[in-house]
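What follows is each chain in one-letter form.
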Amino acid sequence: MLATTIHGTRDIRFGEVADPTLQAPTDAIVKVTAGCICGSDLWPYRGENPITAGDTIGHECVGVVEEVGSEVSSFTPGDFVVVPFDHCDNTCAHCRAGMQSACVNLAMTSSGQGEYARVAQADGSLVATHGMPDPSMVPSLLALSDVMPTGWHAAVSAGVREGGTVVVVGDGAVGLCGVLAAATMGAEKVIAMSRHEPRQQIATSFGATHIVAERGKEGAAAVKEITGGVGADAVLECVGTDQAMGTAFAVARPGATVGFVGVPHGVELPVRRMFQKNVGLAGGMAPVRRYLPELLELVTQGRIDPGLVFDLTLPLAQVADGYTAMDERRAIKVLLEP
């Protein structure tokens, strides 16, 4: 099949690789009808994460079931499915506790930017739509494979509540979905920290009530002014850098919780501040399957439209251009069509 591979810093290629095959009776093969580039893909792209040259890359996709293993009972070829980036059996002790991202049979999508993807634990992982979706709905369904559940997980972890005040640190696709999550959960004030006008516009359309363009001490001061000197009841950290984490704790009120979903890179926690202000930290890798049924219903009912985070669509063969566009912040999130 044709798929995206990474070979070094800013070296993305598109070419022939071996077709994925059923490796266990619980597997399924999905023909990808839409994939995308994740902000976390930029870490290895920029040389921040170790790679093995020639590995496939891409963990977000939707598509049609092509083949299933002998023990898969819930899906048949022809089903249109959302593929969570983290696969789970949805039955182990961790899954039953709502931590599907720590499943004892955890696996990951590895060729979401290709023509086909193998899904481990298909019965526990995949979520089917009711028939083939309208093409206009595909971007929002694709967002359910990672960014929307990840933003939702940040909001859940931070304890977003109806009538509360929320600050979202990070204006990438996950942060924007965090804004959407907080607004959907009923937060009264949703403050998006963003310096980029196109992202500010999406944040506002998703329910942000305030935009703070400043960073560092100036950004924290702006949040304090908006909140009457109190700070946020809940903070969503959606970047993963030390600066973002520092900002998150700087704007959190005493007793608040920071929900973090940005993959940490060089982060040092302000433990003394956490202790003195009783500010907690929760979150991590999103248990996508936990949230998928609820989020799918919200999308199909037209109550949320997370697909708006896709502001550039390219043929899969031009995937390298998509990485460049996101790396240079000319695109928020790139949708790829095989």
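Here's a quick rundown of the structure. Owing to the predicted nature of the structure, the values given are computational and were not obtained by experimental measurement. (Residues numbered from 1 in each chain as written. Predicted model: local features only at pLDDT ≥ 70, side-chain atom pairs only at ≥ 80, totals over all residues. Heavy atoms only, no water.)

## A few points about the sheet that holds strand β4 (residues 55-56)
Here is step 1 of the chain: Sheet architecture is open: 3 strands sit in the order β2-β1-β4, paired in antiparallel fashion. Each of the sheet's edge strands pairs with one partner strand only, and the pair in question is β2 (11-16) and β4.
Here is step 2 of the chain: Bridge analysis of strand β1 (residues 2-8) against β2 gives 6 bridges, and the strand direction is antiparallel. Looking at the pairing, Gly8 lines up with Asp11 of β2. (Pairing = 2+ DSSP bridges. Helix = DSSP H or I, 4+ residues; strand = E, 2+ residues; numbered from the N terminus.)

## Structural notes on a nonpolar patch on the surface
Here is step 1 of the chain: A surface patch of nonpolar side chains, amounting to about 230 Å² of accessible area, comprises Leu106, Met108 and Met285.
Here is step 2 of the chain: Among the secondary structure elements, Met108 is positioned in strand β8 (residues 107-108).
Here is step 3 of the chain: On the basis of relative accessible area, Met108 is assigned to the partly exposed category, the value being 38%. (Patch = residues over 30% accessible without salt bridge, like charges linked within 9 Å, V, L, I, M, F, W, Y side chains within 5 Å. Areas by Shrake-Rupley, 256 points an atom, 1.4 Å probe, with all protein chains shown as cover. Salt bridge = Lys/Arg side-chain N within 4 Å of Asp/Glu carboxyl O. Buried < 20%, exposed > 50% of the residue type's maximum accessible area, 1.4 Å probe, protein only.)

## Describing the packing of aromatic side chains
Here is step 1 of the chain: Taken as a whole, this structure holds 1 aromatic pair when the rule is applied.
Here is step 2 of the chain: Judged by centre distance (5.1 Å) and plane angle (40 degrees), the ring pair of Tyr45 and Tyr323 falls under tilted. Separated by 278 residues along the polypeptide, Tyr45 in helix α1 (residues 42-45) and Tyr323 in helix α12 (residues 319-327) bring together distant segments of the chain. When sorted by exposure, Tyr45 lands in the same class as Tyr323, which is buried. (Phe/Tyr/Trp six-rings, centres within 6.5 Å; stacked < 30°, edge-to-face > 60°.)

## Some details on the pairing of β1
Here is step 1 of the chain: With 5 of its 7 residues buried, β1 lies for the most part within the structure.
Here is step 2 of the chain: With 2 bridges connecting them, β1 and β4 associate as antiparallel partners. Bridge pairing in β4 links Ile6 to Asp55.

Coordinates in, geometry out; function isn't part of it.
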